[in-house]
Amino acid sequence: MSESAPTYRRVAVFGGIYSNHLALAAAIDDARERRVDALLCLGDLGAFGPNPDKVFPLLREHDVQVVRGNYDDSIARGLDDCQCGYTDPRDNHYARLSYHTPPGGPPRETGGGLPGSLDPPGSGGGGRDVLAFHGSPRQTNEFLWESTTPTHFLDKLATDFGADVLLGTHTGIHWARRWGRPGLERMYVNVGALGRPANDGRTEVWYALLDGSDEDVDVEFVPVSYDHRALAEEMRSEELPEEFVETILTGWWTTCLEILPGKERAAGRF
Amino acid sequence: MTKALPTHAGDTLARSPDRVVGGRVVADDAPGEVPEAAPAVPLRALDQLWFQVSGTVCNLRCRHCFISCSPENHSFWFMTRAEVAEALRESVELGVKEYYFTGGEPFMNRDMLGILEDTLALGPATVLTNATVLPQRTVDALRELSESSSYTLELRVSIDGVNAEMNDAIRGEGSFQRAVAAVGRLSAAGFLPIITTMRTWDEADTDSILAAFRSLLADVGYDRPRLKILPPLHIGAEADRSRGYDDFERVTHDMMTEYPTELLLCSSARLVTASGVWVCPILLDDPSAKLGDTLGEAVEAPARLHAQACYTCWVNGAICSNVPGFTDHS
């Protein structure tokens, strides 16, 4: 990690927000109560939910440091889609609705006046080198699912990018893994997402709380309750697909399921 | 409230006896000549490691098979559990992300369950199968393997039609009924098999074909099917069934200008066989697609898009993967 990277003891790390400004506000409040040193977001600020531009004032007001996600990258560079790589026609249909309103129209998010360059920051968690990114350190839109990510693959990423702790999101389901040996312990944390539930039948969303000491970094996954019914109403008033609303109200993913591995897909309802 | 943080106490590869499954191979041992003029694709990372685990031996004689597998095709023989285990050991250092097993019919290899046990100790495994030799006891064993691993075990089942008439004309009499029944058993065991079908119909009919597939699979209890449509590869038996490649169907240097090579399987994969390492599963019949005797040699050698089948990948991307290759614009 660069010598100029900041050092923190306690950091709240948010995953994709997907326009869920109500969950973001609730998560910021929760993290402040836990006396964090810093708030970090790993990108994908818009899409899926209502009124994407409501997210940016919250990020600015609370000094949330943001890593660029694939969605943000598409918005910033005027690309035609969100770069999730779907091939299933149904998934592509909903991905287009998520990105454009109306279909074929301009992207729903404006970027909110955030600076054009949102580079992944490094952040020291105590005495450990931490690298934060969206999908993977080598590719913004790479999915790292728990059931398809070997430990030796993570270890190579950690070596190649010179970090002890890797922080990502992009999949929307939180998980973590430790490996290594005394003196060379490493960890990957997928911090989950604030924008939609974790496909577990619960309406809460999740973020990761990192506690650093001189020797180690601990992670705790924090569930966030928020007024999901109010979000659903806001989505309906914006005439977003009822399938998206259903996910917010039930905790089960209903769209864009093609990219789920068998284990994660089987754990869901659809 | 917290979620427990799992600790992996080091992934160790299960040791396996050096039990020989089959005989010797007939394939050309030495890497062949590759046209210098063909565009090169460097290996960006070895993300996918493929195994030709049953060689070219198959219980079926599919009329569209791009490597013409059959009970009599012994060009490539079965891999032993020890041979696979050696490649798995090498794969750890190389940071491989996914493992795929193909053939022939992988479940004709009597070591297949042991091979999957070794693999699932390290990472996710996908088996490409015709599902005609998957009795309940095998499905039960697969379920046990899947449930005892934190990694996913994917079964890719080839079915080439929505009824026996359509499928069996390509895959052989009786294969439809046996494959569909096996999908029912896999579904009942908790698997969500990826149903793979080669597009043999007009593209305009795709929606109705997919709807018919969903209905067919729901009838055997598989009500949230994962479907994957493959384009035809005009080599092997398929060249006789439909057509070969036209002269213009070839990848040129101009076509690679600004082309995202990460979409191509050969930019992130290699195929291990019982007789060396090939660039990909599609070019198995092409001696010039052999990149070395060892994985170490093969990861150093770039792929060459010299074969006309490379044109199909250029158009469609990494058709062999469970999910398509991703372009990273950033």
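Residues numbered from 1 in each chain as written. Chains lettered and ligands numbered in written order. Predicted model: local features only at pLDDT ≥ 70, side-chain atom pairs only at ≥ 80, totals over all residues.

### Digging into the overall build of chain B
And step 1. Looking only at helices and strands, chain B has nine helices and 11 strands in total.
And step 2. Counting only residues that meet the buried cut, chain B has 48% of its 330 residues in that class.
And step 3. A sequence separation of at least 24 residues applies to 78% of the contacts in chain B between residues at least 6 apart. (Helix = DSSP H or I, 4+ residues; strand = E, 2+ residues; numbered from the N terminus. Buried ≥ 20, exposed ≤ 12 C-beta atoms within 10 Å, placed from the backbone. Contact = placed C-beta atoms within 7 Å.)

### Here's the deal with helix H6 (residues 228-237) of chain A
An α-helical turn contains 3.6 residues, so a residue and the one three or four places further along point in the same direction.
Residue and element names in this part refer to chain A.
And step 1. All of the buried residues in H6 are His228, Leu231, Ala232, Glu234 and Met235. Projected down its long axis, H6 shows its buried positions confined to an angular sector of 160°, all on one face. H6 presents Arg229, Ala230 and Ser237 as exposed residues on the side facing more than 90 degrees away from its buried surface.
And step 2. Buried positions along H6 lie against helix H1 (21-33) and helix H7 (242-250).
And step 3. At the C-terminal side of H6, Glu239 shows a positive phi close to 60°. (Arc of directions from axis to C-beta.)

### A look at the environment of Ala47 of chain A
And step 1. Structurally, the position occupied by Ala47 of chain A is in the loop between strand E3 (38-41) and helix H2 (55-61).
And step 2. When the C-alpha positions of Ala47 of chain A and Gly251 of chain A are compared, they lie 18 Å apart, and in sequence the two are 204 residues distant.

### Describing the sheet that holds strand E7 (residues 226-230) of chain B
Residue and element names in this part refer to chain B.
And step 1. Strand order in the open sheet made by the nine strands is E7-E6-E5-E4-E3-E2-E8-E9-E10, with mixed pairing throughout. Either end of the sheet is taken by a strand with one partner, and the two such strands are E7 and strand E10 (290-292). On average, each strand axis in the sheet is inclined to that of its neighbour by 25°, with strand direction left out of account.
And step 2. By the bridge criterion, five bridges tie strand E6 (residues 194-198) to E7 in an arrangement that is parallel. (Pairing = 2+ DSSP bridges. Axes fitted to C-alpha atoms, helices over the stretch in contact; angles between N-to-C directions.)

### Considering the environment of Asn73 of chain B
All names here are of chain B.
And step 1. On the secondary structure map, Asn73 appears in the loop between strand E2 (48-52) and helix H1 (81-94).
And step 2. You can call Asn73 partly exposed: it has 18 C-beta atoms within 10 Å.
And step 3. In the structure, Asn73 is positioned 24 residues away from Leu49 in sequence and 23 Å away in space, judged by C-alpha atoms.
And step 4. Dropping the residues within four chain positions of it, Asn73 is found in contact with Thr56, Val57 and Ser68.

### Observations concerning the confidence of the model for chain A
Caution applies to low-pLDDT regions: their predicted coordinates should not be interpreted in detail.
Residue and element names in this part refer to chain A.
And step 1. Here chain A averages 87 in pLDDT, while 86% of its residues score no lower than 70.
And step 2. Looking over chain A, one finds the lowest element-wise mean pLDDT in strand E5 (residues 124-125), namely 45, and the highest in H1, namely 98.
And step 3. Between residues 115-126, whose pLDDT stays under 50, and residues either more than four places distant or in other chains, the model counts 42 contacts. (pLDDT = per-residue confidence, 0-100.)

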